[in-house]
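Working through the structure, step by step
In case you want the letters, here they are:
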Amino acid sequence: MRAGAAHRAGRPDTGAEPEGAGSELFRELARMVATLAEIQGLRSFALPYPGLAQRALDRTVLHCLDIGETPPRSLPELLEWCRTKPAGDPLFAVPASLVTPGATLVHPVGRMPTRSCLEVASHGPDGGVAAHARALLGDLEARCGTGERYRQCRSFLARHPVVHRQDRFGPGWSRAVWSRVKDLYGPLPESLLVDGDFLRCPSCGLPALPGDRDVPVPVSPTTDADIWCEGEECPRDDPPELIRDPEQTWILRRPLRTFLALPYRTEEAALDALDRAGIDHDPLPGPLSAHRLRDSGPATVDIQVYDRLQPALLAAHLTDSAPLADRTLVVVPDALAGRVGYRKAFADALPALLRDRLMLTTPVDLGPDLSRARREEKDDA
Ligand SMILES: [Zn+2]
């Protein structure tokens, strides 16, 4: 991932370990996995391979020869490596200060790109998949004309990552909104079907798949631990919902499923927390999940909401995105912030100059954190 490091050259040193050729290969493979999954799924490959896959395979072979490892013989074998060899494997040796060592690019159960894969593929100057999501939202905002219309469309997309024909006759359906957003949906890809049926996670609302695609779809109300969903972190108390007529179903594009629909739950919880604390706020224009707080005195205070599994890559994204408010509270799901090492990895990856301006918090801590920040400001004054 040298490109990202070079991109940040000239900034105060973040103390991260130097990134080697293995890290750079890991990111190239992340981009390959993300792109292949979009264009044809990760399961069937015939020669000749798509150009980017052949290049990634060639590069992996060269890297293996460099480090004295037996190279993969085919694209399916390389994809199996992406499923079984995590970031910390000697093959990649991605520094733990950049990506959690256990993260793989292909999910071991779902055999689809992991969330970490899309986050790694978004790291670097052109912003990859996450930047694609922002560009799609930027276009939508321009098409909508007014902020009000855009916010309606954005919340529709976030709440409806999957749309079934029947939804169009349900309460709350708006033909005006649908006409503005429908080109951000597509038919369900073959790779998300099991025996011609589609499964949806009841928790995150995103696609689900059984680990073993050759066994019948689990329709019984028993739970199945061997289930993958795109949210990855969901409880498995309830079985996935079964949608039998997938040809009547449309799905939001993957960049928006991951970088809009997933964090939206946290965004709603954060705004609820602000409302409960009596703190007024206004949405900021633009594709980010960002809101400016009112009555914050002379300083500007924003919240930005993310649901990212990789804290150091989130810190790198925030470091690269400008301009920030005087103080920005970065809200992530409670379960993530509570993870061992998450907060530290985020803080360690920030340049020293930004550590006072960016504060990691959660919907639960947001109210208390803001009160404390205001007290500190008064004390300073
Ligand atoms: Zn889920």
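None of these values were measured; they are calculated from a predicted model.

Helix and strand counts for the protein stand at 14 helices and 13 strands. Taken over the C-alpha trace, the protein has a radius of gyration of 21 Å; the compact-globule value for 381 residues is 21 Å, and the two agree within 12%. The C-alpha extent of the protein, read off along each of the three principal axes, is 65 × 55 × 40 Å. Across the 381 residues that make up the protein, the buried fraction comes to 40%. In the protein, 65% of the contacts between residues at least 6 apart in sequence involve partners at least 24 apart.

What follows is about the pairing of strand β13 (residues 358-361). Side-chain alternation along β13 places L358 and L360 on one buried face and M359 and T361 on a second face that is also buried. When strand β12 (residues 327-331) meets β13, the two strands line up parallel, connected through four bridges. Each bridged residue has a counterpart across the sheet, and for T328 the counterpart in β13 is L358.

It is worth spelling out the nonpolar core at this point. Counting residues in hydrophobic clusters, the biggest one holds 92 residues, and the most contacted among them are L29, A30, V33, L256, L260 and V330. Aside from chain neighbours lying at most four places away, what touches A30 is L105, C117, V120 and A121.

By secondary structure assignment, the location of I67 is in helix α3 (residues 51-67). Spatially, the C-alpha atom of I67 lies 20 Å from that of T104, the residues being 37 residues apart in sequence.

This next bit is on helix α2 (residues 21-39). Look at α2: 27 Å from first C-alpha to last across 19 residues, which is about the 27 Å you get at 1.5 Å a residue. Downstream of α2 by one or two residues, G41 has phi in the positive range, about 80°.

Turning our eyes to something else, we now look at the environment of G341. Among the secondary structure elements, G341 is positioned in the loop between α11 (334-337) and α12 (342-349). As for G341 and T100, which are separated by 241 residues in sequence, their C-alpha atoms are 9.6 Å apart.

Here the focus is the domain arrangement of the protein. With domains assigned, the protein is organised as domain 1 (2-126), domain 2 (160-252) and domain 3 (256-380). Taken together, the contacts link eight residues of domain 2 with five residues of domain 3. Of the residues contributing to the side of domain 2 that touches domain 3, the split by class is five nonpolar, one polar and two charged.

The next thing to look at is the confidence of the model for the protein. With 91% of its residues at a pLDDT of at least 70, the protein reaches an overall mean of 89. No element of the protein has a lower mean pLDDT than helix α1 (residues 2-7), at 39, and none a higher one than helix α5 (residues 115-121), at 97. Every residue in residues 2-17 is under pLDDT 50, and counting partners more than four places away or in other chains gives 27 contacts. Under a pLDDT of 50 for its full length, residues 219-223 has, in the predicted model, seven contacts with residues more than four places off or in other chains.

What counts and what doesn't
- Residues numbered from 1 in each chain as written.
- Predicted model: local features only at pLDDT ≥ 70, side-chain atom pairs only at ≥ 80, totals over all residues.
- Helix = DSSP H or I, 4+ residues; strand = E, 2+ residues; numbered from the N terminus.
- Rg over C-alpha atoms; globule rule 2.2 N^0.38 Å.
- Buried ≥ 20, exposed ≤ 12 C-beta atoms within 10 Å, placed from the backbone.
- Contact = placed C-beta atoms within 7 Å.
- Pairing = 2+ DSSP bridges.
- Core = buried A, V, L, I, M, F, W, Y, C linked by C-beta atoms within 7 Å.
- Expected span 1.5 Å × (residues − 1).
- Domains from an automatic or database assignment.
- Nonpolar A, V, L, I, M, F, W, Y, C, P; charged D, E, K, R; others polar.
- pLDDT = per-residue confidence, 0-100.

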